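Next come the chains, spelled out residue by residue.
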Amino acid sequence: MRLLCSIFLALASLCVSTTSAWAQDGPGIQQLLLPAAHRGSPLQVVLWYPAEAGGRTQMVGANRLFYGSPARWDALPAPGRHPLLLLSHGSGGNAIGLGWLATQLAQQGYIVAAPNHLGSTTGDSTPATTVQIWQRPADLSAVTSALLAHPDWQARIAPQRIAVLGFSLGGYTALALAGAQVRLADYIRYCATPVPPGTVINECPWFARGGVDLQRVDASRFEQLHVDPRIRAVVAVDPGLAQAFDAASLRSMGVPVQFINLGRPGQLPLAVDATRLAPLVPASRYAFVPDATHFSFLGVCKPNGAALLAEEGEFDPVCEDGGGRPRAEIHAELVQTILTGLAALMPPQEPQKP
């Protein structure tokens, strides 16, 4: 789940760059500071949205390692109400880093709101703050409340069409908003289990190296229930804490869920394997993306990506996928799976008022 915090810092001195002549116009994009009382400070939120012509086109998320995606800063929102999709990054990731996905979802009509989760985002991520998982669902609820009350956005959002899409620790975050709970004892037991050789996705050693004693974590907060009744659908991609979810809480979930794993069943890291979770949720769908790995959810790497990572001392296979397909092709399948899942799970339009 820990998504290369130091690497993003080393490589992403600029999160946007001026568009090249070949770049196509993308959706609108804004950066907002939204109130979050539980944090005691505002949340930085990036908003992608369907937009009218205009705005300043830039390549968002481009750096030395990853290609970016075009979006138009401060373009006027397209008229009408649109579904709101909350987007939750993984541990050590960030909102801008998911621009490759957010731009495509916004072009399909979604307003995509992605906060940087304080304490587990790029440049602000430690084991001690990341283990405070209860902060993340509260972040998304706060963003929802702020946008529904925002003078520029409340009339643009269809309040009956709010969904959450989360990746890795963000996958836990999304499921938590629909009523899923994790058990600290189960997570401690998972972290005490020997890790098979070659396992890449396992955050437990990182917590241990950072001085986190899981036995001393506040179980009541770790296991806290976070139900937001405004959420109508959930998409969880490689959900983190997969071995710690309470089965009873999954069986009682009333929100439909699309589970997606990056890779084939039977070959998935235990940390994010959703094959046991999906059958427990009453209204769930399960899909997997072959030839993909957990790292396939990151942006498309530039040709010198592997060499650049080696120079930085990062030897995780960030730019490698699980088969012969290029990452852009994997992304296309993943986006289509997400869109198909959302269309199946969420009402097609806001109910008409009498």
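Residues numbered from 1 in each chain as written. Predicted model: local features only at pLDDT ≥ 70, side-chain atom pairs only at ≥ 80, totals over all residues. Heavy atoms only, no water.

Each helix and strand in the protein chain was counted, giving 11 helices and 13 strands. The globule rule puts the C-alpha radius of gyration for 354 residues at 20 Å, and the 19 Å found for the protein chain is close to it. Classification of the 354 residues of the protein chain by burial places 57% in the buried group. A gap of 6 Å separates the mean positions of the 24 positive and 25 negative side-chain charges of the protein chain. (Helix = DSSP H or I, 4+ residues; strand = E, 2+ residues; numbered from the N terminus. Rg over C-alpha atoms; globule rule 2.2 N^0.38 Å. Buried < 20%, exposed > 50% of the residue type's maximum accessible area, 1.4 Å probe, protein only. Lys, Arg positive; Asp, Glu negative; His and termini not counted. Charge placed at Lys NZ, Arg CZ, Asp CG, Glu CD.)

For residues other than glycine, phi is negative in most cases, and the peptide bonds are mostly trans. Positive phi is not limited to glycine here, since Asp-74 has a value of about 60°. Structurally, the position occupied by Asp-74 is in the loop between strand 5 (69–73) and strand 6 (82–88). When its relative accessible area of 54% is taken as the criterion, Asp-74 is described as exposed. Phi at Ser-168 takes a positive value of approximately 60°, unusual for a residue other than glycine. Turning to its location among the elements, Ser-168 is positioned in the loop between strand 10 (157–167) and helix 5 (169–177).

Next up on the list: the packing of aromatic side chains. In the structure shown here, the tally under the stated rule is 7 aromatic pairs. With a centroid separation of 4.2 Å and 15° between ring planes, the pair formed by Phe-167 and Phe-297 is classed as stacked. Taken as a pair, Phe-167 in strand 10 and Phe-297 in the loop between strand 13 (284–289) and helix 10 (305–311) lie far apart in primary sequence, 130 residues in all. Look at Phe-167 and you get buried, because its relative accessible area is 1%. A relative accessible area of 0% places Phe-297 in the buried class. Both rings, one in Trp-206 and one in Phe-207, keep their centres 5.5 Å apart while their planes meet at 40°; by these two values the pair is tilted. Relative accessible area serves as the criterion here: at 4%, Phe-207 is assigned to the buried category. (Phe/Tyr/Trp six-rings, centres within 6.5 Å; stacked < 30°, edge-to-face > 60°.)

This brings us to the pattern of salt bridges. Taken as a whole, this structure holds 10 salt bridges when the rule is applied. Of the charged contacts in the structure, one is a salt bridge between Glu-223 and Arg-183, with a shortest N-O distance of 3.3 Å. Placement of Glu-223 in the loop between helix 8 (219–222) and strand 11 (233–237) and of Arg-183 in the loop between helix 5 and helix 6 (184–191) is noted, with a sequence separation of 40 residues between them. The exposure class of Arg-183 is partly exposed, given its relative accessible area of 25%. The closest approach of N and O atoms between Arg-230 and Asp-228, which form a salt bridge, is 2.9 Å. Accessibility expressed as a relative area gives 26% for Arg-230, which makes it partly exposed. (Salt bridge = Lys/Arg side-chain N within 4 Å of Asp/Glu carboxyl O.)

A word on the nonpolar core. Counting 72 residues, the largest nonpolar core has Leu-86, Leu-147, Leu-175, Tyr-187, Phe-222 and Phe-259 as its most contacted members. Looking at which element gives the most residues to this core, the answer is helix 5, with 6 residues. With 38 residues, the next largest nonpolar core counts Val-46, Val-60, Leu-334 and Val-335 among its residues. (Core = buried A, V, L, I, M, F, W, Y, C linked by side-chain atoms within 4.5 Å.)

We now examine the confidence of the model for the protein chain. Close inspection of predicted coordinates is inappropriate for parts of the model with low pLDDT. For the protein chain, the average pLDDT comes to 90, and 91% of its residues sit at 70 or higher. Predicted confidence is poor over residues 1–23, with pLDDT under 50, and the contacts of this stretch with residues over four places away or in other chains come to 67 contacts. (pLDDT = per-residue confidence, 0-100. Contact = heavy atoms within 4.5 Å.)

Spanning 19 residues, helix 11 (residues 327–345) covers 27 Å between terminal C-alpha atoms, matching the ideal 27 Å at 1.5 Å per step. Every buried residue belonging to helix 11 is among Arg-327, Ile-330, His-331, Leu-334, Val-335, Thr-337, Ile-338, Leu-339, Gly-341, Leu-342 and Leu-345, and all of these are buried. As for helix 11, its buried residues are in contact with strand 6, helix 2 (99–107), strand 10, strand 11, strand 12 (257–262) and strand 13. (Expected span 1.5 Å × (residues − 1).)

Now for the pairing of strand 10. By the criterion of burial, strand 10 is predominantly enclosed, with 9 of the 11 residues buried. Here strand 6 runs beside strand 10; their pairing, made up of 6 bridges, is parallel. For Leu-87, the partnering residue across the bridge sits in strand 10 and is Leu-165. Relative to strand 11, strand 10 runs parallel, the two being bridged by 5 bridges. Opposite Phe-167, over in strand 11, you have Val-237 as the bridge partner. (Pairing = 2+ DSSP bridges.)

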